[in-house]
Amino acid sequence: MGKEYNGSPKPHQLNMRRKRITYILGVSCLCVIFYALGAWQGRSVPPPGSQFSSRVGCDDTPATKGDSDSPSSSDSPLVSDTLDFESHHQLVINTSEQAETFPPCDMKYSEYTPCNDRQRGRQFDRDMLKYRERHCPTKDELLRCLIPAPDRYKAPFKWPQSRDYAWIGNIPHKELSIEKANQNWIQVEGDRFRFPGGGTMFPRGADAYIDDIAALIPLKDGSIRTALDTGCGVASFGAYLLKRDIIAMSFAPRDTHEAQVWFALERGVPAMINVLGSQRLPYPARAFDMAHCSRCLIPWSKYDGMYLMEVDRVLRPGGYWILSGPPINWKKYWKGWERTQEDLKQEQDSIEDVAAQLCWKKVVEKGDLAIWQKPLNHNNCVDRNICSSGNADAGWYKDMETCVTPLPETRDAEEVAGGAVKKWPERAFSVPPRISSGSVPGVTAKTFEEDNKMWKDRVEYYKRLVGKLSQGMYRNVMDMNAHLGGFAAAVMKYPVWVMNVVPMGTEQPDTLGVIKERGFIGTYQDWCEAFSTYPRTYDLIHAGGVFSAYQDKCDIRYILLEMDRILRPEGTVIFRDVVEVLVKVKSIADGMRWQSKIVDHETGPFYTEKILVATKNYWTADSKQKAL
């Protein structure tokens with residue numbers, strides 16, 4: 001234990017105390033002197049026009065006499081009449097981009113589909129419909145102008161009225177109303193089209209046709225949520241599936257049936273320009289619960305059954321393939337189809353053979369319908385021509401193969417290959433099998449749940465920024481960078497559908513399979529190219545991180561011009577990105593005559609990511625001079 005010393009202080013201890021007192025007194029005196037000096041300087045007013053006042057930008061105009069609210073000069077000599085609290089710093093960008101104004105294109109481009117252009121397609125082989133596949137313009141062929149709307153363009157009908165009506169002025173093509181007059185595809189009524197819901201193989205209407213299917217397979221219990229409609233016409237099949245909580249990806253080529261996909265989108269029904277040709281469909285493996293062909297004119301038995309093998313690739317284990325039209329029920333219709341009985345029988349036999357190679361089970365053939373079911377796994381499928389290499393999910397400019405896409409391995413015959421999904425609507429928020437199995441790098445069940453919560457908060461914020469979203473004014477929505485589909489899940493409560501796009505050519509992981517397992521639709525897309533749709537087909541576009549991902553890969557002005565092409569007049573775009581990128585995007589958008597503003601992140605102003613909300617102005621070909 002330490003000793004305690006008592007007694008008188010030593011001489012050196014007294015010296016230390018004196019030094020401390022002197023130091024404290026010295027510091028105190030200096031503080032008093034500087035305080036007095038500062039107070040004296042504060043009472044000195046710099047004369048008007050002095051170097052000090054000009055340096056800080058003071059206004060030397062005296063305050064208005066008689067202003068009883070203005071303080072006197074003796075009370076507040078440095079207070080000016082107006083105070084400017086705006087920031088005076090800005091991000092410098094390329095001035096040529098800032099000043100560029102994009103003119104309207106010639107009216108002949110009003111229906112322009114850059115990568116599905118029929119003139120360009122004629123340069124390619126007609127075998128396997130290669131000339132109707134995607135063939136995008138070269139860099140020198142890209143348009144640097146705004147696609148005009150027809151002079152009679154009007155805002156489309158609101159959903160659900162749009163299912164049955166569209167303005168003729170928006171899609172000035174009456175050909176189908178004449179060509180398909182006896183099949184009730186489409187009718188002309190004054191200044192509008194009416195869609196009675198008919199089709200080549202459902203003269204009683206799509207609703208009754210779907211009821212016939214529902215009597216054969218379970219369409220009402222939520223086990224079937226996503227469908228693929230090949231050769232869709234005006235998509236009445238997809239339109240009437242929606243009332244049963246089934247969403248279809250409808251597709252057809254841009255062919256002699258002019259504007260059939262355009263009509264589908266104008267009705268508010270999901271659709272894309274596409275064709276079963278030589279390349280895979282732009283979807284991952286195991287993407288749809290059901291596939292459908294109603295006299296779609298696809299040669300299923302040709303090319304060693306390659307088209308049925310592609311359907312098998314994108315069909316989920318246990319999924320259904322429905323076929324109506326030739327050759328089904330050929331004994332009844334062979335004369336009307338103007339084909340021989342032998343030819344039609346041979347075609348059906350070939351389809352049956354390919355289905356057997358795929359291990360499909362024929363569920364039923366009744367009347368005009370035939371339905372097959374894909375197995376839950378390949379445990380009992382032996383001696384099949386299984387594809388031995390490649391990524392089964394690859395669907396972007398990937399050639400089809402004449403082999404069976406392998407399913408993930410299972411332990412027993414009852415297990416669903418790749419994992420079972422929940423029934424709809426629980427499926428939308430349940431952890432998808434691709435995530436629970438660890439197939440998506442960096443994504444776990446926990447991060448999936450966090451992503452859902454984040455998007456719920458974000459959409460609540462969007463609702464305040466874009467009032468039309470919650471007012472039912474929008475129907476067709478696109479998410480240009482969908483990631484896990486959280487945005488689509490968060491807007492389910494509104495009367496919209498979302499085209500979820502997973503960007504190609506970036507460092508981001510392929511998550512489209514996750515989105516499909518959640519019960520949503522979507523596609524692959526490289527945003528350095530045009531999307532496979534008609535002009536003016538989307539009401540709302542969400543672009544989160546798109547321009548950061550592509551700014552070093554291609555000229556982002558052409559991405560924005562493509563967004564302008566597919567966005568409807570008075571439609572809205574929500575951009576999310578770092579502020580430097582958004583400032584550049586805004587400068588280009590201003591040159592496209594969009595109204596835009598940058599706002600804070602939903603969590604507050606201190607987040608590096610910001611939001612740009614832009615609205616496309618209404619203008620038509622007739623008023624293009626006003627838009628200049």
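For the structure given in this document, a descriptive report is provided here. (Residues numbered from 1 in each chain as written. Predicted model: local features only at pLDDT ≥ 70, side-chain atom pairs only at ≥ 80, totals over all residues. Heavy atoms only, no water.)

So, the nonpolar core
Defined as follows: The criterion is simple. A nonpolar core is a set of buried Ala, Val, Leu, Ile, Met, Phe, Trp, Tyr and Cys residues joined through side-chain atoms within 4.5 Å. Classification of residues uses two cut-offs on accessible area relative to the type maximum, computed with a 1.4 Å probe and protein chains only: under 20% is buried, over 50% is exposed, and between them is partly exposed. Here, residues are in contact when the closest pair of their heavy atoms is within 4.5 Å.
One finds Tyr283, Trp300, Trp321, Phe547, Met563, Phe575 and Trp594 to be the most contacted residues of the largest nonpolar core, which totals 114 residues. Other than its neighbours up to four places away in sequence, Trp300 contacts Thr230, Leu276, Cys293, Gly305, Tyr307, Leu308, Val311, Trp321, Leu323 and Ile351. With 31 residues, the next largest nonpolar core counts Val466, Phe487, Met504 and Leu512 among its residues.

Regarding the sheet that holds strand S3 (residues 192-194)
Backbone-to-backbone hydrogen bonds join strands into a sheet, with any given pair of strands oriented parallel or antiparallel. Keep this limit in mind: Paired strands are those between which DSSP finds at least two bridges. Secondary structure is summarised from DSSP: a helix means a run of H or I of at least four residues, a strand means a run of E of at least two, and numbering begins at the N terminus for each. Helix axes are fitted only over the stretch in contact, all axes being lines through C-alpha atoms; the angle between N-to-C directions runs from 0 to 180 degrees.
Read from one edge to the other, the open sheet built from three strands follows the order S1-S3-S2, with strand pairing classed as antiparallel. A strand with exactly one partner marks an edge of an open sheet, and here the two such strands are strand S1 (165-167) and strand S2 (187-189). Sheet twist, expressed as the average angle between the axes of neighbouring strands with direction ignored, equals 35°. Here S1 runs beside S3; their pairing, made up of three bridges, is antiparallel. Residue pairing across strands places Tyr165 opposite Arg194, the latter belonging to S3.

Considerations on the side chain of Thr405
Assignment of secondary structure puts Thr405 in the loop between strand S10 (369-373) and helix H12 (433-436). Taking the relative accessible area as the measure of exposure, Thr405 reaches 8% and is therefore buried. When residues no more than four places from it in sequence are discounted, the contact partners of Thr405 are Asp312, Arg313, His378, Cys387 and Ala392.

Focus: helix H6 (residues 206-214)
Buried residues of H6: Ala206, Ala208, Tyr209, Ile210 and Ile213, and no others. For H6, the secondary structure elements touched by its buried residues are helix H7 (236-241), strand S7 (288-294), strand S8 (315-324) and S10.

Structural notes on the pattern of salt bridges
Spelled out, the test is: Definition used for salt bridges: Asp or Glu carboxyl oxygen within 4 Å of a side-chain nitrogen of Lys or Arg.
Applying the stated criterion across every chain, the model contains 40 salt bridges. Put simply, Glu189 and Arg194 hold a salt bridge, and the shortest N to O gap is 2.7 Å. The class for Arg194 is partly exposed, based on a relative accessible area of 25%. Here Arg458 and Glu609 are joined by a salt bridge, their closest N and O atoms 3.7 Å apart. Linking Arg458 in helix H13 (residues 445-465) with Glu609 in strand S17 (residues 609-616), this pair joins segments that are 151 residues apart in sequence. For the pair Arg458 and Glu609, one class covers both residues: buried. Three or more residues are tied together by salt bridges with common partners; here these are Glu100, Arg144, Asp555 and Arg557.

So, the environment of Pro160
Mapped onto the secondary structure, Pro160 falls in the loop between helix H4 (118-121) and S1. With a relative accessible area of 56%, Pro160 lands in the exposed category.

Looking at the state of the cysteines
This is how the line gets drawn: The disulfide criterion is simple: two cysteine sulfur atoms within 2.5 Å.
Applying the stated criterion to the full structure yields six disulfides. Across a sulfur-sulfur distance of 2.0 Å, Cys293 and Cys296 are joined as a disulfide pair. One quick way to see it: the torsion about the S-S bond of Cys293 and Cys296 is about -95°, and its sign makes the bridge left-handed. Residue classification places Cys293 among the buried residues on the basis of a relative accessible area of 2%. Under the relative-accessibility criterion, Cys296 is labelled buried at 11%. Disulfide partner of Cys359: Cys381, at an S-S distance of 2.0 Å. With Cys359 in the loop between helix H11 (341-357) and strand S9 (361-366) and Cys381 in the loop between S10 and H12, the pair connects residues that are 22 residues apart, well separated along the chain. Exposure remark for Cys359: the relative accessible area of 16% places this residue in the buried category.

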